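# Structure at a glance
Chain by chain, the residues:
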Amino acid sequence: MATVERHHMSIGQIISQVWRYGLAIFMALVFVFPFLIMLTTAFKPSGEIFSAPPEFWPRSWTLEHFGTAMTQFPFWRYLSNTLLISVLSVVGTLLASPLVAYSLAKLRWPGRNLVFITVLATMMLPPQVTLIPIYMMWNGLGATNTYIPLIVPAFLGTPFFIFLIRQFLMSIPNELIEAAKMDGASEWRVYWDIVLPIARPALVTSAVFQFVWTWTDFLNPLIYINDDKAYTLSIGLYSFLGSHGVQWGPLMAACVLFTLPAIVIFILGQRYFIGGVAAGALK
Amino acid sequence: MSTFRSQHSGWALFKGLAFASPFLIGFGVLYAWPILASGWYSLTDFSLFKAPRFVGLANYERMLADDKFWKSLYNTLYFTFVGVPVDIAISLAGAHILNMKLRGQALWRALIYLPSIVPVVAAGFLWRWLLNAQYGFVNEIARWFGLAQPNWLADSAWGGVSVLILMLWTVGGTMLIYLAALKDVPVDLYEAAELDGASHWRRFIDITWPMVSPVTLFQIIVLMIAFLQVFTQPFVLSKDPGLTAQSAVGPGDSMLTYSIYLFQNAFMFLKMGYASAMAWVLLFVTLAITLLVLWSAKKWVFYGNR
């Protein structure tokens, strides 16, 4: 039936189809073109990069900039630093935020609403207000120049993820939880064996967000990390390759390598992720 | 036995608090105490190496006479009041395009969202290259269309526009939320309007805009907060972001945002009392604009039929 219809498209249908795809392709190009420039510049020989007018497609391809980028600054060290911080932040988020969300969505206790309102209020607070006292606190504890200030907050629950997961948990029927408790399951069993598996889409969304945010974070490492051995990729790229006399080839090659892991995580989680972005806003 | 215990309010309170404990600790350590401390710091003369000394409202008074403070506030409000409406308009238009019958929805969405996962530092460098007056593609494309080809990053009239372009490259997130909202609008509303012979534009004004208006309100508030705090984009676009008090952030300080100036005061000039006072002003500016938006929402947000 469907194939029959496809073979008999009217001129009007064809025009409307060309118009629809034309518009969509144009829009996608506007978004993706800059990214393609990052890629092609990274693979262009130095001599071709500076051509006026600029040319999009490289006449010949080279890997030299990737080698240069890695010798100009300790790329692998910064990559592993950034990976360590990102993974530990994700672990913290997955341990802490669902616990709090469960308490706010499914447990009944006096003061619960007050805590929920507090979560919402902290989401609105500009981080600049708490920035200096928190810095003074870590400085007083001798934790500057360590990753502690970058990782510990995730283990204390992030208001945005608490909210996102709580909204998701609200849709789990209470009967399901009550039934499990009738069968003698403890609160922890209910949480661990029943609620968490159902909450997977919200958890994956939170994990992907947390990973990408930590991976790309600039301000926090800039404030807390002074020792150039401990730099993250953001700070390393900024201070080594972005300073005077920028070499665009190696810089773009490093940017490609920096972006790639974020894209991989995004693709792995995207089935849940894109739905999660929208669900958090609409509920 | 266990049902009896779970109904007991003391036990329920204990469980609730126990599950919520990470946030309760986090709230104390990362929010409640720092807010109080920041309020106190804002009334003091204070650096990393010197204990706070009470100076009353002197920090707030000094802001009034600080040209850089006003410049940074002006730039930030300019980015916000231009950037947020443009972001909303582009997102809504783009969501309509993606909402047409297209195959490969997942691919289109991924392409639109791609810029949002490029690390901001990488995106900043990329756009410094794209906006390069001689070798950049932006001016090359402007040349095809016979448009002006400014020296984006060196001309104070275009520095702010460059920051806006970089920020608007990541409208994909807003667009995807709008796309989900569009899919939620009941189809029969459009069918009824179509029978009445309503034009595309009328259908948008009478159906789509009111139906997505609660989402629009949400997006305006989220975007506004993000724009008021913008830091990394101008920091990377401006070549040497004011490592000394004298050097400018972007041509003619056109990229000096509020957060950058606050950061400079706190961590470069070590005027932490002054920076704390600036943070409180930012909080009140954010609150004032949020309340203004919420107040205006009564006039344009439609909550019927939901």
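In this text the structure is predicted, and so the values were computed from the model without any measurement.

So, on to the domain arrangement of chain A. All names here are of chain A. You can read the domains of chain A as domain 1 (10–62) and domain 2 (74–282). For domain 1 and domain 2, the distance between their C-alpha centres works out to 34 Å. Listed per partner, the contact involves seven residues of domain 1 and six residues of domain 2. For the side of domain 1 that touches domain 2, the secondary structure elements donating two or more residues are helix H2 (11–43) and helix H3 (46–49). Residue contributions to the side of domain 1 that touches domain 2 peak at four residues, all from H2.

A few words now on unusual backbone geometry. The backbone of A:Asn145 sits at a positive phi, close to 70°, despite the residue not being glycine. In this structure A:Asn145 comes out as partly exposed when scored by C-beta crowding, with 15 C-beta atoms within 10 Å. Non-glycine residue B:Asp253 carries a positive phi angle of around 60°. Tracing the backbone through its elements, the reader meets B:Asp253 in the loop between helix H12 (232–237) and helix H13 (258–268).

Summarising burial for helix H14 (residues 233–241) of chain A: seven of the nine residues are buried, a large majority. Of the residues making up H14(A), those classed as buried are A:Leu233, A:Ser234, A:Ile235, A:Gly236, A:Leu237, A:Tyr238 and A:Leu241.

Moving on, we come to the domain arrangement of chain B. All names here are of chain B. The assigned domain composition of chain B is domain 1 (2–60) and domain 2 (65–300). Here the C-alpha centroids of domain 1 and domain 2 sit 32 Å apart. On the domain 2 side, the residues contacting the twelve residues of domain 1 number nine residues. Listing elements by their share of the side of domain 1 that touches domain 2, those giving two or more residues are helix H2 (9–41), strand E1 (44–47) and helix H3 (58–64). Counting residues per element, the side of domain 1 that touches domain 2 draws most heavily on E1, at four residues. Here the side of domain 1 that touches domain 2 is composed, by residue class, of five nonpolar, six polar and one charged.

So, how was this worked out
Residues numbered from 1 in each chain as written. Chains lettered and ligands numbered in written order. Predicted model: local features only at pLDDT ≥ 70, side-chain atom pairs only at ≥ 80, totals over all residues. Domains from an automatic or database assignment. Contact = placed C-beta atoms within 7 Å. Helix = DSSP H or I, 4+ residues; strand = E, 2+ residues; numbered from the N terminus. Buried ≥ 20, exposed ≤ 12 C-beta atoms within 10 Å, placed from the backbone. Nonpolar A, V, L, I, M, F, W, Y, C, P; charged D, E, K, R; others polar.

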